[in-house]
Amino acid sequence: MRIDPENLPEGDEKRDAVRSLFDSIAGRYDLVNRVITFGLDVRWRRRAVSALDLNAGSIVLDLACGTGDFCRETSRVGMVPIGIDLSMGMLAAARTDAPLLQGDVLALPISDGAVDGAVCGFALRNLVELPGFFAELSRVVRLGGRISLLDAAEPSNTVLRTGHRVYFQKIVPRIGALLSDRTAYTYLPRSLAYMPAWPDLKGQLSAAGFADIERHVFIGAHLITATRDR
Ligand SMILES: C[S@@+](CC[C@H](N)C(=O)[O-])C[C@H]1O[C@@H](n2cnc3c(N)ncnc32)[C@H](O)[C@@H]1O
């Protein structure tokens, strides 16, 4: 199923369209990511893993792991990652020694309280719903465990936000067309429209049982961290 960036899909249609989109761009996903973020995505993931504040040996889920960038970063600091993604294409292109599972992060094949933490990179916008995802996170992360959610976001500063909009909405689709697939890289900036405002997102995390909820905004991304509290 081909995604239509002009008519953002919902429900099962969205899940199927997202899966085939990532299947189709998997081979060049890492290259395009590095180019469109000027390599900053590597630094952002490093920051996200450090913000988990978990010991070496901690078991950490990399949810919607794609090609496994977060698996590699968590392994690098001595954590024990498990990656889960919907797209077989992305999993097949993954460069990691971590165990990888094909599945939907809205129905995790993981026991209650079984992991110390979870990371999720650039996937929130692609999920069919967020409250259900946060409920799953709260179910599988142990009490006191940590989560780090990294995603694309607009800068808070007005001038930077205007520049970022031009870059993300006009230039990124062109880079995508050149290196990979124009439709996919037109959808990706537009998919920001799926994201609720920060106060709503924070409310959803709190309702799911998370506390110490913090947000750090970078130019082009934001990092949300929280502790499972109940
Ligand atoms: C933009 S990529 C991010 C990949 C990786 N996390 C990263 O940091 O580069 C989004 C990923 O989310 C996955 N995805 C989307 N919906 C999903 C779902 N419901 N369950 C599991 N994975 C999902 C896609 O297959 C894709 O690999």
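This one's a predicted model, so the numbers in the text were calculated from it and none came from an experiment.

How would you summarise the packing of helix α6 (residues 158-179) against helix α7 (residues 182-190) if you had to cite specific residues and measurements?
Running from N to C, α6 and α7 point in directions that differ by 155°, and their axes come no closer than 7 Å. Accordingly, the angle class assigned to the pair α6 and α7 is roughly antiparallel. Once α6 is placed against α7, the crossing between them reads as right-handed. Residue-level inspection shows F168, Q169, V172, P173, I175, G176 and A177 of α6 in contact with α7, the latter providing R182, A184, Y185, T186 and P189. Classifying every residue of the contact of α6 with α7 gives 8 nonpolar, 3 polar and 1 charged.

Residue-level account of the packing of helix α1 (residues 11-36) against α6, with values.
Interhelical geometry of α1 versus α6 gives an angle of 145° and a closest axis separation of 10 Å. Where α1 crosses over α6, the two elements pack in a sense that is right-handed. Where α1 approaches α6, its residues R28, L31, V32, V35 and I36 are matched on the opposing element by V172, I175, G176 and L179. Residue classes in the contact of α1 with α6 are distributed as 7 nonpolar, 1 polar and 1 charged.

Lay out the site of the ligand in plain terms, naming residues and giving numbers.
As a structural note, the neighbourhood of the ligand is formed by 22 residues, with A64, G66, L86, S87 and G121 the closest of them. When residues of the shell around the ligand are traced back to their parent elements, those giving at least two are α1 and α3 (69-76). With 5 residues, α1 is the largest single contributor of residues to the shell around the ligand. Of the residues that constitute the shell around the ligand, the class distribution is 12 nonpolar, 5 polar and 5 charged.

Can you lay out the nonpolar core for me, pointing to particular residues and giving the numbers?
Core analysis: the biggest nonpolar cluster contains 62 residues, and V60, L61, L63, C65, A118, C120 and L137 have the highest contact counts within it. Ranked by residue count, the leading element in this core is α1, at 8 residues. Residues contacting A118, with those up to four places away along its chain left out, are V60, L61, L63, L137, V141 and I147.

Please set out α7 residue by residue, giving values where relevant.
In an α-helix, one turn spans 3.6 residues, which is why side chains three or four residues apart end up on the same side. Considered for burial, the residues of α7 that qualify are A184, Y185, T186, Y187, L188 and P189. Next to the buried residues of α7 lie α1 and α6.

I'd like a description of unusual backbone geometry, backed by residues and values.
Phi at F38 takes a positive value of approximately 55°, unusual for a residue other than glycine. You can see F38 is positioned in the loop between α1 and α2 (40-52). The class for F38 is exposed, based on 10 C-beta atoms found within 10 Å. Notably, F122 is not glycine yet its phi reads approximately 55°, a positive angle. Mapped onto the secondary structure, F122 falls in the loop between β4 (115-121) and α5 (130-140). Classification of F122 as buried rests on a count of 22 C-beta atoms within 10 Å.

Give me the lowdown on the environment of R125, citing residues and values where you can.
Looking at the secondary structure, you find R125 in the loop between β4 and α5. R125 gets classed as buried once you count the C-beta atoms within 10 Å, which come to 20. Considering only alpha carbons, one finds R125 and V140, 15 residues apart in sequence, at a separation of 21 Å. If near-sequence neighbours (up to four positions away) are discounted, R125 is found in contact with D151, S191, L192, Y194 and M195.

What counts and what doesn't
Residues numbered from 1 in each chain as written. Predicted model: local features only at pLDDT ≥ 70, side-chain atom pairs only at ≥ 80, totals over all residues. Axes fitted to C-alpha atoms, helices over the stretch in contact; angles between N-to-C directions. Helix = DSSP H or I, 4+ residues; strand = E, 2+ residues; numbered from the N terminus. Parallel < 35°, antiparallel > 145°, perpendicular 65-115°, else oblique. Left-handed = near helix turned anticlockwise from the far one by under 90°. Contact = placed C-beta atoms within 7 Å. Nonpolar A, V, L, I, M, F, W, Y, C, P; charged D, E, K, R; others polar. Near = placed C-beta within 6 Å. Core = buried A, V, L, I, M, F, W, Y, C linked by C-beta atoms within 7 Å. Buried ≥ 20, exposed ≤ 12 C-beta atoms within 10 Å, placed from the backbone.

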